[in-house]
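Chain residues, written in single-letter form:
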Amino acid sequence: MGIVLYHLDASPPSRSVLMTLKALKLEFEIKPVDLFAGEHKKPEYLKINPRGKVPALVDGKLQLSESRAIIQYLINKYAKGADKALYPDDPDKRVLVDMELYISEIVFEAFLGLNPPAMLLKGEKPSKEKVEAVQKCLKDINDRLEGKQYLAGNTLTIADFSSYASVVFIKILIDDMGKIPNVEAWMQRMQKLPYDDEVNGQVMKKLAVMLQEKLNPKKQTQF
Ligand SMILES: N[C@@H](CCC(=O)N[C@@H](CS)C(=O)NCC(=O)O)C(=O)O
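Because the structure is predicted, anything quoted here is derived from the model rather than measured.

**Student:** Even after reading the chapter, I still don't get the domain arrangement of the chain, so can you show me in this structure?
**Tutor:** Quoted interface sizes are often the accessible area lost when the parts come together. Looking at the chain, the domain boundaries give domain 1 (3-80) and domain 2 (84-215). When each unit is reduced to the centre of its C-alpha atoms, the spacing between domain 1 and domain 2 is 19 Å. At the interface, 18 residues of domain 1 touch 17 residues of domain 2. Contributing elements (two or more residues each) for the side of domain 1 that touches domain 2: helix 1 (12-23) and helix 3 (67-78). Top contributing element to the side of domain 1 that touches domain 2 by residue count: helix 1, with nine residues. Of the residues that constitute the side of domain 1 that touches domain 2, the class distribution is nine nonpolar, four polar and five charged.

**Student:** Please clarify how the site of the ligand should be interpreted in this entry.
**Tutor:** The environment of the ligand is formed by Ser11, Pro12, Pro13, Leu35, His40, Gly52, Lys53, Val54, Pro55, Glu66, Ser67 and Arg68. Class assignment of the residues belonging to the shell around the ligand gives a composition of five nonpolar, four polar and three charged.

**Student:** I keep staring at helix 3 and nothing clicks. Help me out?
**Tutor:** Side chains three or four residues apart in an α-helix point the same way, a direct result of the helix having 3.6 residues per turn. For helix 3, built from twelve residues, the straight-helix expectation of 16 Å at 1.5 Å per residue is met to within 8% by its first-to-last C-alpha distance of 16 Å. Of all the residues in helix 3, the buried ones are Ser67, Arg68, Ile70, Ile71, Leu74 and Ile75. One side of helix 3 carries all its buried residues, which in axial view fall inside an arc of 165°. Counted as exposed and oriented over 90 degrees from the buried face of helix 3: Ala69, Asn76 and Lys77. In this structure, the buried residues of helix 3 make contact with helix 1, strand 3 (56-59), strand 4 (62-65), helix 4 (91-113) and helix 7 (158-173).

**Student:** How should I be thinking about the sheet that holds strand 4 in this particular structure?
**Tutor:** What links the strands of a sheet is backbone hydrogen bonding, and the strands pair in either a parallel or an antiparallel sense. Taken together, four strands build an open sheet; the order of strands is 2-1-3-4 and the sheet is mixed. Looking at strand neighbours, the two that pair on one side only are strand 2 (28-32) and strand 4, the edges of this open sheet. Mean inter-strand twist for the sheet, computed between neighbouring axes without regard to direction, equals 20°. Pairing analysis gives five bridges linking strand 1 (residues 3-7) to strand 2, with the strands arranged parallel. Looking at the pairing, Leu5 lines up with Ile30 of strand 2. Together, strand 1, strand 2 and strand 3 form the strand contacts of helix 1, whose direction differs from that of strand 1 by roughly 150°.

The rules behind the values
Residues numbered from 1 in each chain as written. Predicted model: local features only at pLDDT ≥ 70, side-chain atom pairs only at ≥ 80, totals over all residues. Domains from an automatic or database assignment. Contact = placed C-beta atoms within 7 Å. Helix = DSSP H or I, 4+ residues; strand = E, 2+ residues; numbered from the N terminus. Nonpolar A, V, L, I, M, F, W, Y, C, P; charged D, E, K, R; others polar. Near = placed C-beta within 6 Å. Expected span 1.5 Å × (residues − 1). Buried ≥ 20, exposed ≤ 12 C-beta atoms within 10 Å, placed from the backbone. Arc of directions from axis to C-beta. Pairing = 2+ DSSP bridges. Axes fitted to C-alpha atoms, helices over the stretch in contact; angles between N-to-C directions.

What follows is the structure, given as structure tokens:
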């Protein structure tokens with residue numbers, strides 16, 4: 001059996017794995033997991049990921065969860081030539097990627113704090129505190145990007161996939177991301193990746209429309 005990704009297209013950790021699979025041009029199968037139908041808590045899925053979360057990735061006998069571990073594994077196992085720069089072997093470079101991968105969990109947690117399902121399904125607005133927590137995260141990313149093209153230096157790495165997957169979703173959830181020109185330039189760079197639209201762009205457009213209809217039916221959606 002080849003690689004199978006258990007995926008939810010809205011999920012940031014899931015999209016970071018999909019970006020890595022696409023970056024490596026690997027062959028794989030996608031099995032969508034419908035969280036809204038509770039598929040992630042059904043016994044069949046819990047056999048694959050006992051924590052009942054997406055993503056999960058099966059590769060032969062390996063059953064993996066935790067997006068950061070999965071994307072590190074994919075590079076360790078499959079990256080060749082120039083793709084190895086996505087998670088460099090040099091310990092002095094690799095540690096910078098690891099650092100950013102750990103920080104990307106904080107960005108994801110701040111994103112979850114906005115309660116995206118409540119926003120998208122019930123039109124609930126997040127509290128000022130939650131929005132400020134997200135803005136603080138974005139400001140921190142902006143500071144760390146100063147003088148650099150990507151989070152771990154001037155080369156794209158899996159750390160960019162991990163944070164970017166949350167930041168693109170945050171962009172449609174909050175009106176004011178703050179003054180973050182480095183983040184905006186970084187996002188434009190990420191948008192040029194040949195797989196960005198397929199992995200992130202299309203689903204974000206769909207979710208932005210959904211959100212618009214719930215929160216503010218009269219306002220036109222801008223992309
Ligand atoms: N640390 C995990 C987080 C995974 C996660 O929280 N996924 C969410 C979707 S974005 C999920 O499956 N939530 C369902 C639940 O917690 O019940 C990772 O990076 O893979």
